[in-house]
Amino acid sequence: MKITQVAAWLLTIGLLLTLIVVGKAYLVPIFMALVIWYLVNALNNLFRHIPLVGAKLPNGLTLGMSLIFIGLSLYMVGDTIVATVQSFVIDSQKYAPRIDAQIARVYEIFRPEAEPPTLNSFALGDQLWTYSADLLNTITNFAKGLFLVLLYVLFFLIEQNAFAKKMTALGLGLDESNQLSVVLQEINSAMSTYLGVKTFTSLITALLSWIVLEAINLDYSLFWAFLIFLFNYIPTIGSTTATALPAFLALIQFDSLTPFLVVAIGVTAIQVLIGNIVEPRLMGDTLNISPLVVVLSLILWSMLWGIVGMLLSVPITVAIIIICAQFPTTRYVAILLSKNGKISGIDTLEE
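Residues numbered from 1 in each chain as written. Predicted model: local features only at pLDDT ≥ 70, side-chain atom pairs only at ≥ 80, totals over all residues. Heavy atoms only, no water.

### As for the overall build of the protein
Right, on to step 1. Secondary structure assignment for the protein yields 12 helices and zero strands.
Right, on to step 2. In the protein, the order of α-helices and β-strands from amino to carboxyl end is α-α-α-α-α-α-α-α-α-α-α-α.
Right, on to step 3. For the protein, the share of sequence-separated contacts (at least 6 apart) that also reach a separation of at least 24 residues comes to 65%.
Right, on to step 4. Total accessible area computed for the protein in this model is approximately 20900 Å², and 71% of it derives from carbon and sulfur atoms. (Helix = DSSP H or I, 4+ residues; strand = E, 2+ residues; numbered from the N terminus. Contact = heavy atoms within 4.5 Å. Areas by Shrake-Rupley, 256 points an atom, 1.4 Å probe, with all protein chains shown as cover.)

Set out below in C-alpha cells:
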C-alpha cells in the first residue's frame, strides 16, 4: 500500500472520529431513532401476523399502533426509574445501619484488631444525594431528548415507503444497483435479527430474574428486572453489572448470606443459559464478529458516546463489517473484524 493511501486512510479515520465526537449531540438521537425504527417495524410485523386482526388492518394503522406502544413503554419505564430513584433516596437511611453491620462483619473476619468505619465517616450520605440528583437530571434530559428521537422515528416511517421509488429513480447501473441492494438488505436483515432476538432474550432473562428476585422479596425487584433487560444489550460487562447490583442489595437488605447467594447464583445461571445457549441458537450466524472486536468496540463507543455507545456498539460494528465487505479496498477490514474470516460481499456479486 502506498504512503499516500495510508495517509488518506488515516485522514479519513481522523475526520470520522472528529465528526462522531463533535456531532455527538446530533448523531446519538439519530442512531437511537434508527434502533427504535427497527423495533417499530419488528413489532408491526408481529401485529400483521395476528390472525383475523393484523391482516385486516391497514399497514399505516399497525405502524402507528407499534410506535404508540413503544412510546408509551418508554414513558412508563422513565416514570418507573424516577419513582424508584426517589424511593431509594428516601429509604437510604434504612440501609445505612445494615451497610455498617456488613462492614463490621468483614472487618471482624479480616481485620479483627481494627475498628470498622461507618458510612458517616465516609460522608456517603451527601454523595448519595448528589449522585441521585445527577441521575434524575440525566433522566430528565433524556426525557426531553426522547421527543426528538420519536420525531426522527416518525420521519423514518414516512420515508421508508418512498425509499424503493428513490432507489429506482437514482438510475444506477445493474451492478451498482445490485451491490447497493445487497448492502442495504444485509444491514437490514442483520439489524432486524439482532434487535429482535436480543429484545426477546432480554425479556425472557428479565422475566426469569424477576421471579427469582420476587421469590426472596428483594426490594425494587421490578426495577432490577428492567435493569437486567436493558444491560443485556451491552455485551460482555452488561450482564455481569446487572447481576452484581441486585446481589449487592440482597447482601445489605438481609441478615444472612442465603438471599445473596440465591440472587448471585440464580440470576447468573439464567444469564448463562439464555446468553450462551438460547441466544446463539436464535441468532445463528447473523453476528459474525470477533469476540475481541466486540470488546474493543464496546470500549471505543463507550468512550465516544457513553452508555448509549455501549448499547449501540454491536449494531454499529455489524453495519461497518457489512459495508466494508462490499468493496475490494475495504474487504480486508471486514475480514479482520469478522469472527471466522468468512464474509459475504463482492464475491457473491461477481458470481
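### A short note on helix H10 (residues 291-324)
Right, on to step 1. Its 34 residues give H10 an end-to-end C-alpha distance of only 18 Å, which falls more than 12% under 50 Å, the value for a rise of 1.5 Å per residue.
Right, on to step 2. Maximal helix bending in H10 amounts to about 145°, located at Trp305. (Expected span 1.5 Å × (residues − 1). Bend = angle between axes of the 7 residues up to and from the residue.)

### Some remarks on helix H9 (residues 258-283)
Helical geometry note: an α-helix holds 3.6 residues per turn, so side chains three or four residues apart project in the same direction.
Right, on to step 1. Here H9 contains 26 residues, and its C-alpha end-to-end distance of 35 Å stays within 8% of the 38 Å for a straight helix at 1.5 Å per residue.
Right, on to step 2. Its maximal kink placed at Ile274, H9 deviates by approximately 30°.
Right, on to step 3. Those residues of H9 not exposed but buried are Pro259, Val263, Val267, Ile270, Gln271, Ile274, Glu279 and Met283. (Buried < 20%, exposed > 50% of the residue type's maximum accessible area, 1.4 Å probe, protein only.)

### A look at the pattern of salt bridges
Right, on to step 1. If you walk through the whole model with that rule in mind, you get one salt bridge.
Right, on to step 2. Across the pair Glu279 and Lys198 runs a salt bridge, and its minimum N-O distance is 3.1 Å. On the criterion of sequence distance, the pair formed by Glu279 in helix H9 and Lys198 in helix H6 (residues 174-215) is long-range, its members being 81 residues apart.
Right, on to step 3. A relative accessible area of 14% means that Glu279 is categorised as buried.
Right, on to step 4. With a relative accessible area of 11%, Lys198 lands in the buried category. (Salt bridge = Lys/Arg side-chain N within 4 Å of Asp/Glu carboxyl O.)

### Comments concerning the side chain of Ser338
Right, on to step 1. Looking at the secondary structure, you find Ser338 in the loop between helix H11 (331-337) and helix H12 (346-350).
Right, on to step 2. The class of Ser338 is buried, set by a relative accessible area of 5%.
Right, on to step 3. Ignoring anything within four residues of it in the chain, the contact list for Ser338 reads Asn288, Ile289, Ser290, Ile321 and Ile343.

### Here's the deal with the nonpolar core
Right, on to step 1. Core analysis: the biggest nonpolar cluster contains 41 residues, and Val40, Val153, Leu157, Ile289, Trp305 and Val318 have the highest contact counts within it.
Right, on to step 2. Residue assignment for this core shows that the elements contributing at least two residues are helix H2 (24-48), helix H3 (59-110), helix H5 (124-169), H6 and H10.
Right, on to step 3. Broken down by element, this core gets its largest block of residues, 12 residues, from H10.
Right, on to step 4. In contact with Ile289, not counting residues within four places along its chain, are Val294, Val314, Thr317, Val318, Ile321, Leu337, Ser338 and Lys339.
Right, on to step 5. Tyr95, Leu213, Tyr220 and Ala247 belong to the second-largest nonpolar core, a separate cluster that totals 24 residues. (Core = buried A, V, L, I, M, F, W, Y, C linked by side-chain atoms within 4.5 Å.)

### Remarks on the packing of aromatic side chains
Given two aromatic rings, their pairing is described by the distance between the two centres and the angle made by the two planes.
Right, on to step 1. By the definition in use, this model includes six aromatic pairs.
Right, on to step 2. An angle of 55° between the planes, with centres 5.2 Å apart, marks the rings of Trp301 and Trp305 as tilted. In this pair, Trp301 and Trp305 are both assigned in helix H10, four residues apart and thus about one turn of the helix distant.
Right, on to step 3. A relative accessible area of 8% means that Trp301 is categorised as buried. (Phe/Tyr/Trp six-rings, centres within 6.5 Å; stacked < 30°, edge-to-face > 60°.)

These figures come from the coordinates and say nothing about function on their own.
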